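A structural walkthrough
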Amino acid sequence: MKNTIYSKYLLLLGICFLSVSAVASNKLLNQKKTPVNHFFTVGASVGYSHMLESYEELSTQGAVSGLLGLGYEMRVKHFYWSLGAEAQLLRAKANYDLADHNMSILDTQGKPAIMHYRFDAVQEEQNLLYVQVPIMFGFYRRGFYMGAGAKIGFPIKSFVQLNSSYVTSVTYKEYIDEFAGMDIHGYGTYMLNSKEEMAANIKTSLAVEIGYDVLAPVRRTTKGMRHGLRLAAICEYGLNNVVGSSTSSAAFDVSPENATQVVMKPFYQAHSITGHSVNNLYAGFKITWICDFSAIACDCDE
């Protein structure tokens, strides 16, 4: 419901921007003869994303990520603003350790025992897919340009790929020794490899883009040329927690039917977000094709 409300609000905002821009551009053209041009853009980026988190027990590394986007740009002389829509994939990898765990069970013969779980390091691959709306303002001159603005993103799908292993063993109050390495009774080594859902928040971020239009020199010698190809470096920094709020809970669940079967939970699902931060960072390279669909082709390379 919240996503739908935000989407309608942003759509209305975009229509208002376009309407105001059209009116303003007509007035400028008719009254001041100021060059105003309109562009359609298609862009793609590959880069590095990271989750900047504040948990002591978690070690996080970045991963390759990317985005695809469409947009509208209005340029007045050398200044421009743009509005668009993007699909962005953010990824990160994390590692953490789990403490040994003991639990009272009934063994395969129905006898009471204490099951011991010893875990290897847990590895997570976190994936968050967003649809986001960027609003940028900037300056352009002779092919070189730079812009800054803000983006709001709505989570479409988020999940974690979990990998680990654990060893089980048991002790009985009647015996001193620990029973291990008995696969027939379920006391052995087990592999964990699962895909789990992860809660994600609507995100807001600041963005910067700096680049050069490699077709600018061609346009200066080709009258009426309307195409451009930008190569740029971009960076985004999130202003809020991207993972959903959670209260602290057990890091894993044990199957009530079989005590040797463990279902692992994603780190952010098992640990409270209260007092912590998990901000997204994205940096990469972007290529953008632009097309001037104005009545008169832009002379902004002059």
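Residues numbered from 1 in each chain as written. Predicted model: local features only at pLDDT ≥ 70, side-chain atom pairs only at ≥ 80, totals over all residues. Heavy atoms only, no water.

**Some thoughts on the packing of aromatic side chains**
The final tally for this structure, using the stated rule, is 17 aromatic pairs. On the numbers, 6.4 Å between centres and 50 degrees between planes, the contact of Tyr72 with Phe293 is tilted. Residue Tyr72 is found in strand E2 (residues 59-76), and its partner Phe293 is found in the segment after strand E14 (278-292); the two are separated by 221 residues along the sequence. Among the aromatic residues, those joined into a ring-pair cluster are Tyr117, Phe119, Tyr166, Tyr190 and Phe252. The ring of Tyr130 is capped by Lys203, whose NZ or CZ atom sits 5.2 Å from the centre of that ring. (Phe/Tyr/Trp six-rings, centres within 6.5 Å; stacked < 30°, edge-to-face > 60°. Helix = DSSP H or I, 4+ residues; strand = E, 2+ residues; numbered from the N terminus. Lys NZ or Arg CZ within 6 Å of the ring centre and 35° of its normal.)

**Side note on the pattern of salt bridges**
For the structure shown, the criterion picks out 9 salt bridges. Between Glu197 and Lys157 there is a salt bridge, and its shortest N-O distance comes to 3.7 Å. Linking Glu197 in strand E9 (residues 189-197) with Lys157 in strand E7 (residues 144-171), this pair joins segments that are 40 residues apart in sequence. In this structure, Lys265 engages Asp253 in a salt bridge whose closest nitrogen and oxygen atoms are separated by 3.8 Å. Taken together, the residues Lys265 in the loop between strand E13 (262-264) and helix H3 (267-270) and Asp253 in strand E12 (residues 252-254) connect sequence positions 12 residues apart. (Salt bridge = Lys/Arg side-chain N within 4 Å of Asp/Glu carboxyl O.)

**Section: the nonpolar core**
One finds Leu98, Tyr117, Phe119, Phe252, Met264, Tyr268 and Val278 to be the most contacted residues of the largest nonpolar core, which totals 40 residues. Going through the elements one at a time, strand E3 (79-96), strand E5 (112-119), strand E6 (122-141), E7, E12, E13, H3 and E14 are the ones with two or more residues in this core. If sequence neighbours within four positions are ignored, Phe252 has contacts with Leu98, His101, Phe119, Val262, Val263, Met264 and Lys265. (Core = buried A, V, L, I, M, F, W, Y, C linked by side-chain atoms within 4.5 Å. Buried < 20%, exposed > 50% of the residue type's maximum accessible area, 1.4 Å probe, protein only. Contact = heavy atoms within 4.5 Å.)

**Examining a nonpolar patch on the surface**
Together, Phe40, Val42, Leu70, Trp289 and Phe293 give the surface a local cluster of nonpolar side chains, amounting to about 460 Å² of exposed area. Positionally, Phe40 belongs in strand E1 (residues 36-53). (Patch = residues over 30% accessible without salt bridge, like charges linked within 9 Å, V, L, I, M, F, W, Y side chains within 5 Å. Areas by Shrake-Rupley, 256 points an atom, 1.4 Å probe, with all protein chains shown as cover.)

**Some points on unusual backbone geometry**
The phi torsion at Lys77 lies on the positive side, around 55 degrees, for a residue other than glycine. Position of Lys77 relative to the elements: it lies in the loop between E2 and E3. Within the chain, Arg142 stands out as a residue other than glycine whose phi angle is a positive 50 degrees. Tracing the chain through its elements places Arg142 in the loop between E6 and E7.

Without other data, these values stay purely geometric and don't point to any function.
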